[in-house]
Every structure is written in structure tokens, then in C-alpha cells.
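Coordinates in review
One letter stands for each residue in the lines below.
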Amino acid sequence: QVHVVESGGGLVQPGGSLRLSCAVSGMSFSSSLFVMGWYRQAPGKQRELVASIGSDGVVRYDGSVQGRFTVYKDDAENTLFLQMDNLQLEDTAVYYCNTDPASKFIRWGQGTQVTVSS
């Protein structure tokens, strides 16, 4: 079974930065064709895809984070990253990594909490 462990979240003031990591085990990035994405879910809201990156390196962002977030990956380490800059209050959520479309072969992990507060 493929497992993911998200980390890097925390408490940050508006305008601050965080880098999230998603360590994937049970699957090799270098031998797979798929899209990986970062999702987030705020209390009382639906989980939404905010950024994704394909095996070909093509990246996509939701309009709410475009220009502020950067998604990238390290194939050798089977790790997905999300660099978040200029964080805003609206970015507060639990962040998850998964395939895009989600749950094709990766079960949702615990996520990592990002809290932006002044």
C-alpha cells in the first residue's frame, strides 16, 4: 500500500512562509506516470485542490494561490513539496497530498495543519 506523510505545517503570521513536505512510500516517482497534488480543507468547507505537478513537470495552481505557492518534487527522494509564500488568513486549513484525481491508489493521510493568524 502507498503511504504518505505530510509535514511542515505550523502557525505563521500573514505574509509569512512555510514549506510543506509529503513523503511517499511504497511507490517510486521515477517509475510512475501520474499527477500529484496538494489539497487543503478548512473547517466546514470541502477539500479543494490547490496545486499539482505531473510526472512531466507541468504544474497547475488554483487561482487563489497562484503567484504565492510553488509546487515541486524530488523524484529521487519520493517527496512532494509545497512552498507557500505571502500566506494569508484564508490559507488556514489542513493540507494533504494525494494523486490528481484523488485516491486512485493513495489513501488520505493525516495532513498537516497550517494556521495563519495575526
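Look a little higher up for the structure.
In what follows, the accompanying structure is described. (Residues numbered from 1 in each chain as written. Predicted model: local features only at pLDDT ≥ 70, side-chain atom pairs only at ≥ 80, totals over all residues. Heavy atoms only, no water.)

1. Here's the deal with the pattern of salt bridges
- In the structure shown here, the tally under the stated rule is 4 salt bridges.
- Of the charged contacts, one joins E48 and R40 as a salt bridge, the two residues approaching to 3.0 Å between their closest N and O atoms.
- A residue is classified by how much of its surface remains accessible, and E48, at 32% relative accessible area, is partly exposed.
- A residue is classified by how much of its surface remains accessible, and R40, at 6% relative accessible area, is buried.
- Through salt bridges with shared partners, one network takes in R40, E48, R68 and D91. (Salt bridge = Lys/Arg side-chain N within 4 Å of Asp/Glu carboxyl O. Buried < 20%, exposed > 50% of the residue type's maximum accessible area, 1.4 Å probe, protein only.)

2. Let's talk about the state of the cysteines
- One pass over the structure, following the stated rule, counts 1 disulfide.
- Disulfide pairing is shown between C22 and C97; the S-S distance is 1.9 Å. Residues C22 and C97 are joined through a disulfide that is right-handed, its torsion about the S-S bond being 65 degrees. Of this pair, C22 sits in strand β3 (residues 18-25) while C97 sits in strand β9 (residues 93-99), and the two are 75 residues apart along the sequence.
- For C22, a relative accessible area of 0% translates into the label buried.
- Here C97 falls in the buried class, since its relative accessible area comes to 0%. (Disulfide = S-S within 2.5 Å. Helix = DSSP H or I, 4+ residues; strand = E, 2+ residues; numbered from the N terminus.)

3. Some thoughts on the side chain of R68
- With respect to the helices and strands, the residue R68 is situated in the loop between β6 (59-61) and β7 (69-74).
- At a separation of 3.0 Å, a polar atom in the side chain of R68 contacts the main-chain carbonyl oxygen of N86.
- Each residue touching R68, except ones within four places of it in the same chain, is listed here: Q83, M84, D85, N86, L87, Q88 and D91. (Polar contact = N/O pair within 3.5 Å; in protein donor to acceptor, adjacent residues only side chain to side chain. Contact = heavy atoms within 4.5 Å.)

4. Brief notes about the sheet that holds strand β2 (residues 10-12)
- Taken in spatial order, the 6 strands line up as β2-β10-β9-β4-β5-β6 in an open sheet, and their pairing is mixed. Each edge of the sheet is formed by a strand with only one pairing partner; in this case those strands are β2 and β6. Going from strand to strand, the sheet's axes swing by 20 degrees on average, the running direction of each strand aside.
- Bridge analysis of β2 against strand β10 (residues 112-116) gives 3 bridges, and the strand direction is parallel. Across the sheet, L11 pairs through a bridge with T115, a residue of β10. (Pairing = 2+ DSSP bridges. Axes fitted to C-alpha atoms, helices over the stretch in contact; angles between N-to-C directions.)

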